[in-house]
Structures are given as C-alpha cells and as structure tokens.
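Here is what each chain is made of, one letter per residue.
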Amino acid sequence: MAFRIAHSFRPDPTPKQKASKNKDYLAFIHELPCCVTGRYGVEAAHLSFASPRYGHYGRGKGSKVSDRWALPLHQAEHRRQHGMNEERFWSSIGIDPHLLALVIHGIWSDLGDDAIAFATAIINQTLADAGALRSRDEA
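The rules behind the values
Residues numbered from 1 in each chain as written. Predicted model: local features only at pLDDT ≥ 70, side-chain atom pairs only at ≥ 80, totals over all residues. Heavy atoms only, no water. Helix = DSSP H or I, 4+ residues; strand = E, 2+ residues; numbered from the N terminus. Buried < 20%, exposed > 50% of the residue type's maximum accessible area, 1.4 Å probe, protein only. Areas by Shrake-Rupley, 256 points an atom, 1.4 Å probe, with all protein chains shown as cover. Pairing = 2+ DSSP bridges. Core = buried A, V, L, I, M, F, W, Y, C linked by side-chain atoms within 4.5 Å. Contact = heavy atoms within 4.5 Å. Patch = residues over 30% accessible without salt bridge, like charges linked within 9 Å, V, L, I, M, F, W, Y side chains within 5 Å. Salt bridge = Lys/Arg side-chain N within 4 Å of Asp/Glu carboxyl O. Lys, Arg positive; Asp, Glu negative; His and termini not counted. Charge placed at Lys NZ, Arg CZ, Asp CG, Glu CD. Axes fitted to C-alpha atoms, helices over the stretch in contact; angles between N-to-C directions. Parallel < 35°, antiparallel > 145°, perpendicular 65-115°, else oblique. Left-handed = near helix turned anticlockwise from the far one by under 90°. Polar contact = N/O pair within 3.5 Å; in protein donor to acceptor, adjacent residues only side chain to side chain.

Undergrad: Could you give an account of the overall build of the chain, naming the residues involved and the relevant values?
TA: Each helix and strand counted, the chain has five helices and two strands in total. Secondary structure of the chain in N-to-C order comes out as α-β-β-α-α-α-α. Residues classed as buried in the chain amount to 33% of the 139 residues present. Accessible surface for the chain amounts to roughly 9,300 Å². Of this, 51% is attributable to carbon and sulfur atoms.

Undergrad: How would you summarise the pairing of strand β2 (residues 70-74) if you had to cite specific residues and measurements?
TA: For β2, the tally of buried residues reaches five of five residues, placing the bulk of the element in the interior. In β2, alternate side chains face the same way, and those of A70, P72 and H74 on one face and L71 and L73 on the other are all buried. Of the pairings in the sheet, the one linking strand β1 (residues 42-46) to β2 comprises five bridges and is antiparallel in character. Considered in β2, the bridge of V42 is made with H74.

Undergrad: Quick one: what's the story with the nonpolar core, residue by residue and with numbers?
TA: The biggest cluster of nonpolar side chains holds 30 residues, and the ones touching the most others in it are F28, C35, V36, L71, L73, W90 and I104. At the level of secondary structure, the elements contributing two or more residues to this core comprise α1 (23-29), β1, β2, α3 (86-93), α4 (97-111) and α5 (116-129). Sort the elements by how many residues they give to this core and α4 lands first, with five residues. When near neighbours in sequence (up to four residues on either side) are disregarded, F28 contacts I104, W108, G112, D113, A115, I116 and A119.

Undergrad: Which residues make up the side chain of H98, and what are the values?
TA: Counting through the fold element by element, H98 comes out in helix α4. Apart from residues lying up to four places away in sequence, H98 is in contact with L47, F49, A50, S51, Y54, H56 and W69.

Undergrad: How would you explain a negative patch on the surface if you had to name every residue and give the values?
TA: A contiguous patch of negative charge, built from D24, E31, D113 and D114, is present on the exposed surface. For E31, the location among the structural elements is in the loop between α1 and β1. According to the relative accessible area criterion, E31 is partly exposed, its value standing at 47%.

Undergrad: Report on the packing of α4 against α5, specifying residues and quantitative values.
TA: Where α4 contacts α5, the two axes come as close as 10 Å, and the packing angle between them is 165°. As summarised for this structure, α4 and α5 are arranged roughly antiparallel, according to the angle between their axes. The two elements α4 and α5 meet at a crossing, and its hand is right-handed. Of α5, the residues touching α4 (which contributes L100, V103, I104, I107 and L111) are F118, A119, I122, I123 and T126.

Undergrad: Explain the side chain of H78 to me, using residue names and the numbers behind them.
TA: Looking at the secondary structure, you find H78 in helix α2 (residues 75-82). Within the structure, H78 has its side chain in polar contact with the side chain of H82 (distance 3.0 Å). Beyond its immediate chain neighbours, meaning those up to four positions away, H78 contacts E43, A44, A45 and L73.

Encoded structure:
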C-alpha cells in the first residue's frame, strides 16, 4: 500500500511553545562533567540554534529555550560557545549537542538523580568518540 503526503498540508516549521524550566534538572546538570573537556564545575549551557530534526526550533527574540536543551559546559567553554557561532562551536568539537541533550534529559527523566553515573559515562563516551579523550600512553 502506497502512502501519499497531502500537498495542501504544510505544518508550521516553527511551532510556538513556552520554554519548560526545571530547577531539579538544572541541579542535575551541575553534577555532571563538562561535555567538551570532561572537567567538573560546570554551568548549564542552553542550545539556542535550531535543529528541527530533534524537535528543537531555536528560540525567538527575547525568549528562552527549554531546559531540555541544556548541556553541562565548563565556564571557559560556555563563554567560548557564546563568543562565536554556536553551531560552528559544536561542529568544531565533533559533538551533536541536540542528540546529547536529548539522551541526557531522557536518562534523567527515567532515573532522576540516580542518572548521574549513566550520564557521566555517556559524556565520557561522547568525548572519546569525538577524539577529545586521549589514552594515558598518548598523553
């Protein structure tokens, strides 16, 4: 059976939604290592550039983005993220921040504060996949 897409149906590419804020989730983010350097002592860095593929439509002028799109970044990396084109920042590191944010949020949603060890392992694996972690023999 073939499926057809109606030509007259064009969904709004930027749905309007009030940003959800969750202080417990942000406290959880502060317990994690930086997803760029692996260092502790992080800030919650919200992704502001859109990625409709993952359901993130960016933020409008004067609006904030949902805490779902927050990632742990060390203060220096957070400043660097805001000091340049954000999409270029993440691309240069080799990390898909939207996917990582969704995975971390999903783990926290399922496990709450017990998710710290799981999220830390995922961040470390993401850093390794991006080539940001070197073995002790290479250091």
